[in-house]
Amino acid sequence: MEPIIQKILVIGGNGFVGSAVCRTALARGMQVASVSPSGKPWQTPKGHTPSWVHKVEWHHGDALKPETYAHLLPGVTAVVHTIGTLFEKSGYKSAVKDGSVPRLVSDVAANAAGAWSANPLESEEKRREGSYALINRDTALTVCEAFINSKPAEMKLVGPRAFIYLSAEDCGRPVIPAGYIETKREAEAAIERMTNDSNPNYRGVYIRPSLIYHPHFRPIISPIAALLDFSATIHARAPAGLPTPAAVLRTLGGFLPRPARPDLTPDSPLHALARSLTIPPIHVDHVAEAICIAADNARADVRGPYGVEQMRELIGWHQKGKGQQTQAEAHA
């Protein structure tokens, strides 16, 4: 039986995670198309254009306007939604891209302190621009609905078409406002309703990374990632019963009031902070690899939420590590 020719559509393919997905999908033999507001091909932070970029179809489109990309949907076997924002109405992305520590610290502090509260004089449309609800939730639901309503072109399918949503682990509060993870969970729930068992031709996959890093493309994040990885390692090796920082935070969190949205954030910000100390950061290429495996039309078994540990299992990260260790021991 001949393998099917798979093609994925990446919403936000010229972004940090989206570009990694495009590159990884091509390496796995998939065809790739990208939709973004600019429609421009991805470039490295230094303005270089790698050879793989020319193999991607780059399209201009607005995730909230299906008419700008609906013609692409019948011909794809999976859709990957990668756009989102950590902070509302913030310039943190340009600060990270430019490697500006002062600007990044300023934006994070301002958002954590709630400095970007809504202006009562702004119109409803203006207030929604750059909001968590619009970017993290509504864009995903609009794309998902358009995908499900599209009629697949004549192609060999061995399983349901996948809609893969880049979500997140709940380990950012209180530094990252609760609205970020709340809208992520709202999107997951709504997508699941659209792709559940009553619609067997589609499946939803929710990728939940922790801090995503790349030492060359996001060097400003690398020190933070190194510290969090060290913390996760120390916590994992700590003897049972030892009062670790994460354990202390969870204990203190038990005394805090119940969250306003327990269905979306079931525990306190201190519990989330504790998770940031125990869940290791993840390389963007590992996130992309997990997404591409999930996008494989033959992997009907991959559905639902995938946290860092589940992503590592999906890509065989532990086996790779054991294989490298065995080789090192053989050469010792």
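From a predicted model like this one, the values you see are computed outputs, not experimental measurements.

(A) Main features of the overall build of the protein chain. Of the regular secondary structure elements, the protein chain holds twelve helices and nine strands. Expressed as a percentage of the 332 residues in the protein chain, the buried residues total 47%. Of the contacts made within the protein chain by residues no fewer than 6 positions apart, 73% connect residues no fewer than 24 positions apart. A total of about 16,800 Å² of accessible surface is found on the protein chain, and carbon and sulfur atoms cover 58% of it.

(B) A look at the packing of helix α7 (residues 222-237) against helix α9 (residues 269-278). In the contact formed by α7 and α9, the axes pass within 6 Å of each other and the chain directions differ by 90 degrees. With respect to α9, the element α7 is oriented roughly perpendicular. On α9, the residues touching Leu228, Ser231, Ala232 and His235 of α7 are Ser276, Leu277 and Thr278. Tallied by class, residues from the contact of α7 with α9 come to three nonpolar, four polar and no charged.

(C) Highlighting the sheet that holds strand β1 (residues 7-11). Reading across the sheet, the seven strands line up as β3-β2-β1-β4-β5-β6-β9 and stay open at both edges, with parallel pairing between neighbours. Each edge of the open sheet is held by one strand with a lone partner, namely β3 (57-60) and β9 (304-306). Each adjacent strand pair in this sheet contributes to an overall mean axis angle of 20 degrees, direction not counted. Of the strand pairs in this sheet, strand β4 (residues 78-81) and strand β5 (residues 161-166) are connected by four bridges, and their pairing is parallel. Bridge pairing in β5 places Val79 opposite Phe163.

(D) Here's a closer look at unusual backbone geometry. Backbone torsion omega between Arg173 and Pro174 reads 0 degrees, so that peptide bond is classified as cis. With respect to the secondary-structure elements, Pro174 resides in the loop between β5 and α6 (178-194).

(E) Spotlight on the state of the cysteines. Following the criterion strictly, the structure yields zero disulfides and no others. No disulfide involves Cys292; its sulfur sits 8.6 Å from the nearest other cysteine sulfur, which is in Cys22.

(F) View of the pairing of strand β6 (residues 202-207). Most of β6 is tucked away: six of the six residues are buried. Alternating residues of β6 divide into Tyr202, Gly204 and Tyr206 and Arg203, Val205 and Ile207, and every residue in both groups is buried. Note that β5 and β6 share six bridges and pair parallel. By the bridge assignment, Tyr165 is partnered in β6 with Tyr206. On the question of chirality, the crossover connecting β5 to the parallel β6 by way of α6 is right-handed. With three bridges joining them, β6 and β9 adopt parallel strand pairing.

(G) Representation of the nonpolar core. Ranked by size, the top nonpolar core spans 41 residues in total, and within it Ile8, Val17, Ile164 and Ile207 carry the most contacts. The set of elements that each furnish at least two residues to this core consists of β1, α1 (16-27), β4, β5, β6, α10 (284-295) and α11 (308-315). The contacts of Ile207, once residues within four sequence positions are left out, are Ile164, Tyr165, Leu166, Ser167, Ala168, Val287, Ile291, Tyr306 and Met311. With 24 residues, the next largest nonpolar core counts Leu9, Ala63, Phe147 and Ala190 among its residues.

(H) A look at the environment of Glu57. Within the secondary structure, Glu57 is located in strand β3. Between the alpha carbons of Glu57 and Val32 there is a distance of 6.4 Å; along the sequence they are 25 residues apart. The residues touching Glu57, leaving out its near neighbours within four places in the chain, are Lys7, Val32, Ala33 and Ser34. Of note is the side chain of Glu57, whose polar atom sits 3.3 Å from the side chain of His59.

Calculation criteria
- One numbering rule holds for all chains: residues counted from 1, following each sequence as written.
- In keeping with the model being predicted, local features are shown solely for residues with a pLDDT of at least 70 and side-chain atom pairs are shown and tallied solely at 80 or more, while totals for entire chains, interfaces and linings include all residues.
- The side-chain quantities take in all heavy atoms of the structure and omit both hydrogens and water.
- Helix numbers and strand numbers start at the N terminus; a helix is a DSSP run of H or I with at least 4 residues, a strand a run of E with at least 2.
- A simple rule labels every residue: compare its accessible area, found with a 1.4 Å probe on the protein chains alone, to the largest value its type can have, and call it buried under 20%, exposed over 50%, or partly exposed in between.
- Here, two residues are considered to be in contact whenever any of their heavy atoms come within 4.5 Å of each other.
- The accessible surface values rely on the Shrake-Rupley method and a 1.4 Å probe; as for residues, cover is taken only from the protein chains in view.
- Helix axes use the C-alpha atoms of the stretch in contact, all axes being lines fitted to C-alpha atoms, and the angles between their N-to-C directions lie in the range 0 to 180 degrees.
- Angles are sorted into four bins: roughly parallel if under 35 degrees, roughly antiparallel if over 145, roughly perpendicular if 65 to 115, and oblique for all others.
- Classification used: nonpolar for Ala, Val, Leu, Ile, Met, Phe, Trp, Tyr, Cys and Pro, charged for Asp, Glu, Lys and Arg, polar for all others including Gly.
- Here the rule is simple: two strands pair whenever DSSP picks up at least two bridges between them.
- Disulfides are defined in this document as cysteine sulfur pairs within 2.5 Å.
- Crossover handedness is defined by viewing with both strands directed away from the observer: a clockwise path from the first strand over the helix to the second marks the crossover as right-handed.
- Only buried residues count toward a nonpolar core, which is a set of Ala, Val, Leu, Ile, Met, Phe, Trp, Tyr and Cys residues joined through side-chain atoms within 4.5 Å.
- We define a polar contact as two N or O atoms separated by no more than 3.5 Å, with the added condition that, inside protein, one atom must be a possible hydrogen donor and the other a possible acceptor, whereas residues neighbouring each other in sequence contribute only through side-chain atom pairs.

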